[in-house]
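The lines below spell out each chain.
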Amino acid sequence: MTMQDDAYLKCIDPQCGLEYPIKSTNVQCDKGHMLDVKYKNKPSDKLKEEFYKRRNSLGNIFNESGVWRFRELLNFCQIDTENLEECSKYLVSLDGAEGRQSKPYHMSKAAKFIGTSNENLWLQPEGYNPSGSFKDNGMATAVTHAKMIGAKRIVCASTGNTSASAGMFAANEGMDCDVYIPAGQIAPGKLGQAYQFGAQIIQVDGNFDDALKQSLEDVQNNNGYTVNSINPFRIEGQKTIPFRALEYLNWESPDWIVYPGGALGNTSSCGKALMELYEWGWIKKIPRIAVINSEGASTLSDLYNGKFEEEELRWNKGKPNIELITRYYNHLDKEGIRPKTKATAIQIGRPTNILKGLRALEFTNGIVTTVSDSEMLDGMSVVGLNGFDCEMASGATVVGIKKLINDEIIKKDDMVVGILTGRQKDAMLPVEYHNNPENKFAKPPKN
Ligand SMILES: [Zn+2]
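Presented here is a report on the structure given in the accompanying data block. (Residues numbered from 1 in each chain as written. Predicted model: local features only at pLDDT ≥ 70, side-chain atom pairs only at ≥ 80, totals over all residues. Heavy atoms only, no water.)

### A few points about the layout of surface pockets
Here the largest pocket defines a volume of roughly 650 Å³. Around the largest pocket sit 25 residues that line it, and Q28, Y329, R350, P351 and T352 are the ones nearest its centre. Only helix 8 (208-222), helix 13 (322-335) and helix 14 (354-364) provide two or more residues apiece to the lining of the largest pocket. For the lining of the largest pocket, the leading source of residues is helix 8, giving 6 residues. Counted by class, the lining of the largest pocket contains 10 nonpolar, 7 polar and 8 charged residues. Of the pockets and cavities examined, the second largest pocket occupies roughly 550 Å³. Around the second largest pocket, the lining is made up of 25 residues, and of these T25, N26, V27, V219 and Q220 lie nearest the centre. (1 Å grid on protein atoms, 1.4 Å probe; cavity = no way out; pocket = protein on both sides within 12 Å on 5 of 7 lines; lining within 4 Å. Points joined across faces, edges and corners; volume = space filled by probe spheres on them. Helix = DSSP H or I, 4+ residues; strand = E, 2+ residues; numbered from the N terminus. Nonpolar A, V, L, I, M, F, W, Y, C, P; charged D, E, K, R; others polar.)

The following block contains the structure:
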C-alpha cells in the first residue's frame with residue numbers, strides 16, 4: 001500500500017491554514033502560528049486488534065516499543081508499516097524501550113489518599129521510560145523526523161528531562177546534541193544524564209523561557225534541528241501516552257485524563273490524540289482533560305480561570321484572545337514575576353504550547369487548577385508508597401485529582417487516568433521530605 005502524500009503539516013489557526021510538506025523543518029507557519037502534523041487517510045479501527053496482538057512483540061522492536069506499536073497512527077514517514085526493513089530504515093527507537101513499560105496501574109495507597117476507590121483510579125508512570133520521563137515518547141518521533149530530513153545536530157532548551165531524552169537519542173543515532181539550560185536552575189542530577197550522553201551544555205542567564213528563545217535562535221542561524229515540544233513531531237509521539245492508557249481500558253474512555261501543566265506539550269498531544277480518535281470513530285466518549293499547574297508557575301490557570309483582567313482565555317474555535325496572553329506576559333516582565341517552584345519540570349512561565357493546550361481544553365471541556373509545592377511533595381511521596389517512583393511534578397497529578405474531587409468537579413465515581421510524567425531525578429527531595437516529621441508521609445531516620 002502506498003501512503004505517499006498522506007501526511008503534511010498544517011497551521012493550527014483555522015483562519016490561516018497554511019500547509020507545508022512533511023519534510024519541512026518549520027516549527028511555525030510563515031505568519032508565526034504553530035503547526036500540526038495531519039493525515040489524510042482515516043485508519044481503520046481493525047488496527048485495535050493488531051495493536052493488541054503486537055503486545056506479544058515476537059522479537060520485533062517496533063512492536064515492543066510503546067510508541068511504534070501504534071505506528072499506523074503516527075505514520076508521518078509514510079512507510080509500509082508491516083515491512084520491518086522499512087521500519088528499521090526510518091523509525092528511531094531505543095531498541096523498543098520507549099514507552100514499553102508505561103501503562104496504567106491501580107495504586108491503592110494513592111487512591112485512599114485521594115479519596116476515591118481503587119477501581120476508579122489509574123496512574124500511568126511515564127518515568128519508566130529509558131531516560132526516565134515521558135519525553136522519550138515524543139523524542140522517538142522528533143528524532144525520526146530529524147533523521148528523515150538528514151539533520152546532524154539536535155538542539156533543545158531544557159529543565160532536565162528533555163536534555164536527558166534528547167542526549168540519549170542523539171547518542172544512539174550518532175547525532176550531536178546541544179542543550180540550552182537556565183544557569184543554576186536545574187537539579188544537578190537531572191543534568192548528569194545529558195553530560196553522560198555526550199551532549200554539549202550551554203548555560204544561559206535567565207530562566208527556561210530565555211533558554212528556549214536562545215536555542216530557537218541558534219537553530220535558525222546555525223542549521224540545527226529543534227526537539228522542544230514546539231516541534232509538531234514531538235506531539236505525535238506523545239499521543240501514544242493516551243493511546244496506551246485507552247488501549248489498556250479497551251478503548252473505553254475514562255471520565256478524566258489528568259496531567260501536570262508545564263510547556264503544555266502533553267495537554268496538546270492528549271487533545272490531538274482524542275480529536276483524532278473521536279473523528280475516526282475509535283472512541284465514543286471524549287474524556288475531560290484536567291491540567292494541574294504549580295501555584296508558582298500558573299500562567300495557564302491564571303489565564304484560563306480569568307484571574308488576569310477577569311477574562312477567561314479560551315481557544316474560542318480558533319480565535320483566542322492572543323493580546324490577552326501578550327499583556328499577561330508583559331505584566332510578568334513588568335512586575336519581575338518569575339516562575340518559581342521546586343518542581344522544575346513545570347517551572348515554566350510561557351508555555352510554548354499554550355494555544356494547542358487551549359484547543360485541547362476546549363475540545364475536552366477541560367479544566368485547570370493549581371497545587372502548592374508541599375502538596376506536590378505529598379503526592380510524590382504517596383506514589384512511592386505503592387512501590388512506584390515519580391518526580392515532584394508528577395505529584396501534581398495526584399494532589400490535583402484529590403483537590404478536584406474535594407471540589408466535586410471530579411465526581412467520586414468518575415474513572416480517572418492520571419499521568420505520572422517522570423521518575424525521581426533529584427535524590428535530595430525525598431531525603432529532605434522524610435527528614436521533616438511534619439510532612440504527611442514522612443518516615444524520618446532513626447538512630
Ligand atoms: Zn498560520
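Structure's up, so let's keep going.
### Quick look at the pairing of strand 12 (residues 416-420)
Of all 5 residues that make up strand 12, 5 are buried, and the element is covered over most of its length. In this sheet, strand 12 lies alongside strand 4 (residues 121-125) in parallel orientation, the contact comprising 5 bridges. When the bridges of strand 12 are listed, L123 appears paired with G418. The pairing of strand 9 (residues 256-260) with strand 12 spans 3 bridges and is parallel. (Buried < 20%, exposed > 50% of the residue type's maximum accessible area, 1.4 Å probe, protein only. Pairing = 2+ DSSP bridges.)

### Structural notes on the side chain of T240
Its place among the elements puts T240 in helix 10 (residues 240-248). At a separation of 3.4 Å, a polar atom in the side chain of T240 contacts the side chain of N137. If we ignore the near neighbours within four places in the chain, the residues touching T240 are G66, V67, F70, L74 and N137. (Polar contact = N/O pair within 3.5 Å; in protein donor to acceptor, adjacent residues only side chain to side chain. Contact = heavy atoms within 4.5 Å.)

### Some words on the nonpolar core
Core analysis: the largest hydrophobic core is formed by 93 residues, its most contacted members being F76, I154 and I354. Top element by residues in this core is helix 5 (residues 135-148). It accounts for 6 residues. Excluding its chain neighbours within four sequence positions, the residues that come into contact with I354 are L264, T299, L300, L303, L313, I325 and Y329. By size, the runner-up hydrophobic cluster in this structure holds 38 residues, among which are A110, M376, M380 and V416. (Core = buried A, V, L, I, M, F, W, Y, C linked by side-chain atoms within 4.5 Å.)

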